[in-house]
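Each chain, letter by letter, is given below.
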Amino acid sequence: MDHYRRLNKRVTRRDLLRLGAGVIGLAAVGSYSRAAAPATPTVRPPEPTKAPPATAPTVVSTPGDTFNWKRFKGQKIEVQLLKSPRGDLLQQHQKEFEELTGVTVGSEQIPEQQLRQKQAIEFTSGSTTFDVTQESWHVQKRLFGKGRWLLDVRGYLKDPTMTSPDYDWDDFSKAGLGYATQADGRIDTLPYNIDYWILYWNQGLFQAKGVQFPKTLDEMVEAAKQLNDPGKGIFGFVARGLKNANTPVWYSMLLGWDVDGIDDKGEMHTDGPEAIAAAEIYKRLLKDYAPPGVSGFNWGECQTTFSLGRAAMWFDGIGFSPPLEDPRKSKVVGKVGYGVPPAGPKKQHSGMFGVGMGVSAFSKKKEPAYFYCQWATNKANQARMLAAGAGSPCRNSAYKDPQALAKPKVSKEWVDCLLASGKIGRPGLPVIIPVTEFRDVFGIALTNMIEGADPAAELKRATAEFRPVLEKSERS
Amino acid sequence: MGRSTEQLRVPAVVMPRSRVIGGRAYARRGKYVLFIMPALILVLAVIIFPWIFTVWMSVHDWDIGMERSFLGLENYTKLVQDQRFLESTVRTLYYTALAVVLPAILGVLAAVIFHQDFPFRGLLRGIFIMPLMATPVAIALVWTMMFHPQLGVLNYLLSLVGIPPQLWVYSRDTVIPALVLVDVWHWTPLVMIIVLGGLAALPTEPYESALIDGANQWQMFWHITFPLVLPFLMVAVIIRTIDALKAFDTIFVITQGGPGTASETINIYLYLQAFAFYKIGHASAVVVVFFTIIVIFSLLLLYMRQKTIWT
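Numbers given for residues are sequential positions, taken from 1 along each chain in its written order. Chains and ligands are labelled by the order in which they are written, letters from A for the one and numbers from 1 for the other. Owing to the predicted nature of the model, reporting of local features is limited to residues with pLDDT of at least 70; listing and counting of side-chain atom pairs is limited to 80 or more, with chain, interface and lining totals taken over all residues.

### A word on the domain arrangement of chain B
Residue and element names in this part refer to chain B.
Part 1 of the reasoning: How far each domain reaches was decided by an automatic or database domain assignment. According to the domain assignment, chain B consists of domain 1 (2-58) and domain 2 (75-308).
Part 2 of the reasoning: The distance between the C-alpha centroids of domain 1 and domain 2 comes to 40 Å.
Part 3 of the reasoning: A residue pair is marked as a contact if its C-beta atoms, positioned from the backbone, fall within 7 Å. Opposite the 4 residues of domain 1 that make contact, domain 2 presents 7 residues.
Part 4 of the reasoning: Among the residues making up the side of domain 1 that touches domain 2, the classes are represented as 2 nonpolar, 2 polar and no charged. As a working rule, the residues Ala, Val, Leu, Ile, Met, Phe, Trp, Tyr, Cys and Pro are called nonpolar, Asp, Glu, Lys and Arg charged, and the rest polar, with Gly in that last group.

### Quick word on the packing of helix H13 (residues 266-276) of chain B against helix H14 (residues 280-308) of chain B
When two helices pack together, their arrangement is given by the angle between the helix axes and the distance between those axes.
Residues and elements named next belong to chain B.
Part 1 of the reasoning: Contact geometry for H13 and H14: axes closest at 8 Å, N-to-C directions at 155°. By the angle between their directions, the pair H13 and H14 is classed as roughly antiparallel. Crossing handedness for the pair H13 and H14: left-handed. The segment H13 lies against H14, with Ile266, Tyr269, Leu270, Gln273 and Ala274 engaging Ile280, His282, Ala283, Val286, Val287 and Phe290.
Part 2 of the reasoning: For the contact of H13 with H14, a count of residues per class yields 9 nonpolar, 2 polar and no charged. For helices, the fitted axis covers only the stretch in contact; all axes are lines through C-alpha atoms, and the angles between them, taken along N-to-C directions, range from 0 to 180 degrees. Starting at the N terminus, helices and strands are each numbered in turn, a helix being any DSSP run of H or I of at least four residues and a strand any DSSP run of E of at least two. In these notes the angle categories are as follows: under 35 degrees is roughly parallel, over 145 is roughly antiparallel, 65 to 115 is roughly perpendicular, and the rest is oblique. Crossings are classed by handedness, with left-handed meaning an anticlockwise turn of the near helix from the far one by less than a right angle and right-handed meaning a clockwise turn.

### Structural notes on helix H5 (residues 112-125) of chain A
Residue and element names in this part refer to chain A.
Part 1 of the reasoning: To estimate the expected span of a helix, subtract one from its residue number and multiply by 1.5 Å. The end-to-end C-alpha separation of H5 is 20 Å, in line with the 20 Å expected for 14 residues at 1.5 Å each.
Part 2 of the reasoning: Those residues of H5 not exposed but buried are Leu115, Arg116, Gln119, Ala120 and Phe123. Buried residues of H5, seen end-on, are gathered within an arc of 130° and therefore sit on one face of the element. H5 presents Gln113 and Gln114 as exposed residues on the side facing more than 90 degrees away from its buried surface.
Part 3 of the reasoning: Trailing H5 by a residue or two, Gly126 shows a phi angle of about 80°, which is positive. Three exposure classes are used, based on other C-beta atoms lying within 10 Å of a residue's own C-beta, which is placed from the backbone: buried for 20 or more, exposed for 12 or fewer, and partly exposed in between. The arc under discussion is defined with respect to the helix axis, by the directions toward the C-beta atoms.

### Considering the nonpolar core
Part 1 of the reasoning: With 181 residues, the main nonpolar core has Phe237, Tyr282, Met313 and Tyr372 of chain A together with Val195 of chain B as its most contacted residues.
Part 2 of the reasoning: Counting residues per element, this core draws most heavily on helix H9 (residues 175-200) of chain B, at 14 residues.
Part 3 of the reasoning: Aside from chain neighbours lying at most four places away, what touches Tyr282 of chain A is Val249, Trp250, Met253, Leu446 and Met449 of chain A.
Part 4 of the reasoning: What we call a nonpolar core is a set of buried Ala, Val, Leu, Ile, Met, Phe, Trp, Tyr and Cys residues whose membership is set by joining through C-beta atoms within 7 Å. In this structure, Met385, Ala387, Ala390 and Ala398 of chain A belong to the second largest nonpolar core, which totals 7 residues.

### Describing unusual backbone geometry
Part 1 of the reasoning: Cis peptide bonds are those with omega within 30 degrees of zero, and the linkage from Gly258 of chain B to Pro259 of chain B qualifies with -5°.
Part 2 of the reasoning: On the secondary structure map, Pro259 of chain B appears in the loop between helix H12 (249-254) and H13.
Part 3 of the reasoning: At Arg148 of chain A, a residue that is not glycine, the phi angle is positive and equals roughly 50°.
Part 4 of the reasoning: For Arg148 of chain A, the position within the fold is in the loop between helix H6 (137-147) and helix H7 (154-158).
Part 5 of the reasoning: Classification of Arg148 of chain A as partly exposed rests on a count of 18 C-beta atoms within 10 Å.

### Observations regarding the environment of Leu302 of chain B
Part 1 of the reasoning: Its location among the elements puts Leu302 of chain B in helix H14.
Part 2 of the reasoning: Residues Leu302 of chain B and Val235 of chain B, spaced 67 residues apart in sequence, show a C-alpha to C-alpha distance of 8.6 Å.

Encoded structure:
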């Protein structure tokens with residue numbers, strides 16, 4: 001009873017005074033503790049728009065200093081890689097870097113979508129768990145550039161104590177250097193890999209019907225028509241129809257009119273006559289000569305269809321040669337032709353997409369992190385990438401490397417196609433911040449076209465929908 | 001019982017307001033408060049704070065990498081006018097209705113069957129609940145291959161019985177029912193387990209009486225089994241409804257919301273806004289609206305469950 005009475009006692013003024021005094025006392029003790037505590041690093045609050053300094057940190061070097069790989073011996077860096085065969089290669093040879101520099105590397109590979117989310121969140125929070133990361137230029141270049149999230153390495157590149165004398169900056173392809181350089185001249189990534197879009201063609205099906213490899217987009221439509229034989233389960237053409245994934249297909253075709261969907265000044269050309277003409281070709285190829293259900297196809301379904309000999313042509317990125325030439329996964333081994341994209345009415349271009357490697361602007365170990373980027377993009381690693389068929393390196397020397405060419409896991413025709421594509425490469429997506437939303441909005445329009453919608457009306461609608469998004473991003 | 005109730009009532013009415021005793025009580029209560037502090041801190045950190053932060057973000061125009069500015073309720077008014085969001089809401093409700101009703105019917109049916117005594121019942125029951133143990137993403141990848149219109153096993157099976165090939169998830173018309181098919185395969189065993197538990201707990205007397213009165217099997221099921229098992233079924237329906245409303249992984253892996261936006265549910269829409277377009281403010285407003293929808297559904301279902309409890 002007594003106990004219950006005590007529990008139900010109301011709070012009096014005296015109680016409140018006691019409580020207040022206690023709180024003040026605790027606060028005072030807390031302040032004293034903080035003041036008395038040794039200085040420790042504090043967690044920085046999220047500052048999404050606050051950028052670190054654009055310039056590279058000052059490197060202390062004196063005349064006569066020479067480059068020394070062991071300069072940062074004993075340090076440890078964290079490397080975040082895009083999950084791919086190229087990531088596998090770097091991890092396989094990681095020991096080489098560790099022995100060369102004495103720097104310990106912790107590396108992980110993360111799938112593309114998850115990596116992009118992780119990067120955005122960590123960079124926005126102003127603190128990154130990685131020192132080195134990779135940037136998909138075609139999606140992230142402007143965003144990373146705007147946030148100044150990666151270190152401008154121009155200072156390091158000019159510094160003989162920081163960049164190895166045999167690094168050979170001029171060895172990188174023009175396309176790679178262009179992608180790696182921001183509009184204001186900052187270089188925040190080192191060129192690593194460029195993916196070109198090509199036309200895979202089934203030589204057996206072409207020969208059986210006596211059809212020649214198409215040189216123009218119109219010829220490609222005609223070839224698809226001739227090779228299309230749905231009764232036998234053979235389709236003239238296959239490409240991505242799934243929204244978002246399909247936008248580069250149309251955009252790459254549009255380059256044949258010598259038109260960028262969004263130009264350097266931010267002007268949209270996505271509902272003009274050229275864009276409509278390219279969309280008409282896209283619609284015709286996918287609606288009339290592609291397998292039923294193609295509006296839900298991503299590259300995975302396209303690859304399956306082509307590798308089982310069900311499609312005569314497949315328009316996609318250049319990186320699919322290894323699975324197409326693997327007898328365990330493909331029925332078209334030895335029959336695959338690799339051709340540059342057919343020309344449009346005005347130009348012949350190959351849509352290009354690429355990946356660079358950079359140092360987090362928030363890293364506390366920028367110097368050893370830069371050493372890693374330097375090693376990963378050196379001549380030896382670029383040649384390894386080509387030899388393993390893991391990608392298309394940005395260095396010209398890789399394609400002349402006798403060792404790499406002696407044992408490539410891909411055919412000579414593929415290498416020739418890659419070199420030819422390099423000469424006609426042009427960004428396969430606009431270099432803007434909301435590029436994913438661009439892909440989404442126009443992707444829906446393209447999917448609607450496959451299902452019968454009018455290209456002009458769809459592009460007009462999509463352009464009107466996307467324009468405010470672009471304007472907002474350019475304005476901010 | 002009566003005495004203890006009496007004891008409890010007295011102090012509430014005649015409690016003297018002694019300051020001395022009250023001081024001790026306060027001190028004692030203070031000690032009790034210490035016991036709940038860990039839980040309180042945890043709840044504040046992982047539930048209350050994220051919620052307040054989400055609501056705060058929802059009233060801002062905040063895209064990752066850009067300046068943040070206060071918008072008030074503009075994100076919400078935009079949502080109401082956003083055709084794509086409204087369509088995704090309707091689609092979510094359509095998907096949820098199918099993904100709850102079908103497993104509920106099939107789950108009850110399976111439970112009634114497995115409640116009977118027959119050879120290898122345990123083994124077959126084990127096989128039946130195996131889909132429950134599979135990872136949603138792995139399931140989605142396997143079903144993606146099965147759905148392939150030219151090369152998938154489902155069309156091959158249909159061809160064996162003379163049915164023409166279907167487009168499954170590759171057509172706007174059939175994508176939602178096809179996705180529900182995956183959900184039904186995955187979650188019917190859960191309903192079955194819950195209902196089976198309910199069947200095992202049923203009293204035998206009503207059945208004995210019914211048999212004496214000459215009731216047939218259907219009458220016994222409809223008038224005795226079903227009403228008695230309904231509270232258990234309602235639990236399963238509540239779990240399934242919340243789960244179906246939240247469905248994301250299988251849809252994203254199989255269709256990414258396509259073709260076009262034909263399978264874009266609120267979750268997919270939300271994911272795109274937050275993690276593909278980085279529109280954090282707009283996405284937070286979607287979260288708040290979506291949470292409200294889920295709470296309304298949950299309350300409605302809890303009310304219905306109360307109505308079905310045995311009295």
